[in-house]
Amino acid sequence: MAVHRIERADLWKSKARVLQLRLRERFRVAVDRHRRRPSMFSDGYFSSTVQRLLIHFRDFRQGSLQSSSAFYRKRVSKDFTAEEDSVIIRMLQSVAVPLLGNMCHVFMNGLNHVQVYGLEKLHDALLHRPRNKPLLTVSNHVASVDDPFVISSLLPQRVLLDAQNLRWTLCATDRCFRNPVTSAFFRSVKVLPVARGDGIYQKGMDMAIAKLNNGGWVHIFPEGSRSRDGGKTIGSSKRGVGRLVLDADTVPIVIPFVHTGMQEIMPIGANFPRIGKMVTVLVGDPIHFDDLLNAEGIEHISRGKLYDAVASRVGSRLCELKIQVEKLAFEQAIRLQHPNAGSIERASDMLQQVDWDSFGMGSRVLTEDDTLGPGIQPKQNIASHREHQEPISSDRSFRMGSTCEGGTISRIHGCVDSFELLGFAARGVFISPRPRINAPGVGDASPLRAWKQYLEANLLTQWNTC
């Protein structure tokens, strides 16, 4: 019995010894690790921490993202944004997009004046493109309200009321998606968020490509930001437009257009848009990229160079349209400053069509002999009672038609009001049976006509050479 107790005591002692050794070994390891850990304020601590963070960042880049120097074709499925297009968002879009579009349309065409050239090109691509064919429109960026003001001014009413077929556009997250309220508003008007500096493979670009893959319409500003000089120049196009064109399942129809005048409606620093301004828009022909797509398979050009080539072609076309739209805006400004120039020419044409014999004034009407160039003497009319008089000079001929020395216009002005005369001639009551003479008339010798010819010969020529 005593022996059994001694054995049991030895067993417990051995177990306690083993436990003591394990605890001591565990405590010693913890102490050693604590001693080997560098101090928080030592150089080794910071260097190891920075090195560890750099290693984690490198592993994250290699595991999830492509490096900035590597470009590839990232395919996006059509259902990429299906989880974000909820029923509530679609209901908001069906109400907000037509409402905002029509308000902007009334503002631009009612309170301002919009002059559009080549609008049929945009309407043809928008309304008559093949089914599931995507559309990509590109334009310069002058003011913060270019979209939706300019876009809505170009669209007919039936398109403005169809929220599903209206455009999608991109906006920076630090500008349009600052808080939940602005985020909800811009999502309801079909704006996709993009983050500055996150590259061309970010989620916002993938969402835009998904819209193109579904046959939708996406509008972007290839410059990436607004013009810093009030729209005087166009910045270089960014690589993102190249990815939208090349990475879509079907190459979209690319329609460029350039506008000028929005810098007056919404100047830099203004909080509210202005009214009573003129905006000129020029829509260009579609941009084709068939040669670049063929070169990719034949010459094995890198993806990055293809993106740059597409962006360069889009930027060059926008610069060409910029020169043309500035010229058109300049000519429009001249016509607005001289509104009577066209009416004088039309009055001259109508006066040539009136049968002055019905008024008993056939012998005093200006004939083709009276409208010869300067320095050429008019022929004498043998049937006239003036055949024995001296030849009338061209200066005398011009004065007869435009001064009070017995000319036709001055005689009529003395008896009939000018507006009644133009209306009387326009109704075609006394239309001359004689064929119309395609020769310069009284309006061609007017001072306004001379100024117009001078501006076209000098200022517009200098403008084109710039």
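- The protein is annotated in an unreviewed UniProt entry as Tafazzin family protein of Hevea brasiliensis.
- We quote the UniProt Sequence similarities (unreviewed entry) comment for the protein here in full: "Belongs to the taffazin family."

## Quick notes on the state of the cysteines
Linking two cysteines covalently through their sulfur atoms gives a disulfide.
Phase 1: Taken as a whole and assessed by the stated rule, the structure comprises one disulfide.
Phase 2: One disulfide bridge connects cysteine 171 with cysteine 176, the sulfur atoms lying 1.9 Å from each other. Between cysteine 171 and cysteine 176 the disulfide shows an S-S torsion of about 60°. By sign, it is right-handed. Here cysteine 171 and cysteine 176 have matching classes, each one buried.

## Concerning the layout of surface pockets
Phase 1: Size it by volume and the second largest pocket reaches roughly 880 Å³.
Phase 2: Lining of the second largest pocket is provided by 28 residues; of these, Gln164, Asn165, Lys190, Asn214 and Gly216 occupy positions nearest its centre.
Phase 3: Counting residues per element, the ones that place at least two in the lining of the second largest pocket are α3 (87–111), α4 (119–127) and α6 (157–160).
Phase 4: Ranked by the residues each element gives to the lining of the second largest pocket, the list is headed by α3, at three residues.

## A few points about the pairing of strand β7 (residues 278–283)
Phase 1: With five of six residues buried, β7 lies mostly within the body of the structure.
Phase 2: Looking at chain direction, strand β1 (residues 113–117) and β7 are connected through five bridges and run parallel. Within β7, the residue paired with histidine 113 across the bridge is methionine 278.
Phase 3: As defined by bridge partners, strand β6 (residues 253–260) adjoins β7 across four bridges and the pair is classed as antiparallel. Paired with phenylalanine 257 across the strands is valine 283, a residue of β7.

## Some words on empty space enclosed by the protein
Phase 1: With the rule as written, the count across this model stands at three cavities of 30 Å³ or more.
Phase 2: Roughly 140 Å³ of internal volume is contained in the largest cavity.
Phase 3: Lining the largest cavity, in full, are Val97, Leu100, Gly101, Asp147, Pro148, Ile151, Ser152, Leu155, Leu160, Leu166, Arg167 and Val189.
Phase 4: Looking at the lining of the largest cavity, the elements that each hand over two or more residues are α3 and α5 (146–154).
Phase 5: Here the lining of the largest cavity gets four residues from one element, more than from any other, and that element is α5.

## Observations regarding the packing of aromatic side chains
Phase 1: In this structure the tally under the stated criterion is five aromatic pairs.
Phase 2: Ring centres 5.1 Å apart and planes at 40° place the aromatic pair phenylalanine 107 and phenylalanine 149 in the tilted group. Residue phenylalanine 107 is located in helix α3, and its partner phenylalanine 149 is located in helix α5; the two are separated by 42 residues in the primary sequence. As far as the burial class goes, phenylalanine 107 and phenylalanine 149 line up, both buried.
Phase 3: When the ring of phenylalanine 177 is compared with that of phenylalanine 186, the centres are 6.2 Å apart and the planes differ by 45°; the resulting orientation is tilted.
Phase 4: Ring pairing ties together the aromatic residues Phe177, Phe185 and Phe186, which thus form one cluster.
Phase 5: Lysine 211 extends its terminal NZ or CZ atom over the ring of tryptophan 168, reaching a point 4.0 Å from the ring centre.

Conventions used here
Residues numbered from 1 in each chain as written. Predicted model: local features only at pLDDT ≥ 70, side-chain atom pairs only at ≥ 80, totals over all residues. Heavy atoms only, no water. UniProt positions renumbered as here; feature names shortened; annotations may be inferred. Disulfide = S-S within 2.5 Å. Buried < 20%, exposed > 50% of the residue type's maximum accessible area, 1.4 Å probe, protein only. 1 Å grid on protein atoms, 1.4 Å probe; cavity = no way out; pocket = protein on both sides within 12 Å on 5 of 7 lines; lining within 4 Å. Points joined across faces, edges and corners; volume = space filled by probe spheres on them. Helix = DSSP H or I, 4+ residues; strand = E, 2+ residues; numbered from the N terminus. Pairing = 2+ DSSP bridges. Phe/Tyr/Trp six-rings, centres within 6.5 Å; stacked < 30°, edge-to-face > 60°. Lys NZ or Arg CZ within 6 Å of the ring centre and 35° of its normal.

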